[in-house]
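Notes for the structure review
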Amino acid sequence: MPFVEDHKFKYPAEEECLVRRLGSAVVVSWAGLPRETREKLLSEAKIAWDREFHVPRMADRLNAILKRQTSL
């Protein structure tokens, strides 16, 4: 699976709902993704541009969402 080049993905405010939907699709599909893909996605998520530039305990919170989803 090819990955995007190393650059920050930015989006206009009116597309935020679309970005959230894509994120939701990744979370729902997480358990079926190859390990390498999951690692790359988590790595990208930790450095992604966002309007909220400081999210405390980012890695822990991302992992909690994924763990909660896979335990359903």
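This write-up is about the structure you can find in this document.

Basis of the calculations
- Residues numbered from 1 in each chain as written.
- Predicted model: local features only at pLDDT ≥ 70, side-chain atom pairs only at ≥ 80, totals over all residues.
- Heavy atoms only, no water.
- Helix = DSSP H or I, 4+ residues; strand = E, 2+ residues; numbered from the N terminus.
- Buried < 20%, exposed > 50% of the residue type's maximum accessible area, 1.4 Å probe, protein only.
- Contact = heavy atoms within 4.5 Å.
- Areas by Shrake-Rupley, 256 points an atom, 1.4 Å probe, with all protein chains shown as cover.
- Salt bridge = Lys/Arg side-chain N within 4 Å of Asp/Glu carboxyl O.

Section: the overall build of the chain
Along the backbone of the chain there are 3 helices and 0 strands. Mapped from its N terminus to its C terminus, the chain presents α and β elements in the order α-α-α. Each of the 72 residues in the chain was classed as buried or not, and the buried ones make up 7%. Taking the intrachain contacts of the chain between residues at least 6 apart in sequence as the baseline, contacts between residues at least 24 apart amount to 61%. In the structure as shown, the chain presents an accessible area of about 6,200 Å², 58% of it carried by carbon and sulfur atoms.

Digging into the environment of isoleucine 47
Take isoleucine 47: it is sitting in helix H2 (residues 35-47). Between the C-alpha atom of isoleucine 47 and that of methionine 58, which follows or precedes it by 11 residues, the distance is 9.7 Å.

Digging into the pattern of salt bridges
Applying the stated criterion to the full structure yields 2 salt bridges. Here arginine 35 ties to glutamate 39 by a salt bridge, and the two come within 2.7 Å at their closest N and O atoms. Within this pair, arginine 35 and its partner glutamate 39 are both found in helix H2, separated by 4 residues, close to a single helical turn. Here arginine 35 falls in the exposed class, since its relative accessible area comes to 52%. For glutamate 39, a relative accessible area of 44% translates into the label partly exposed.

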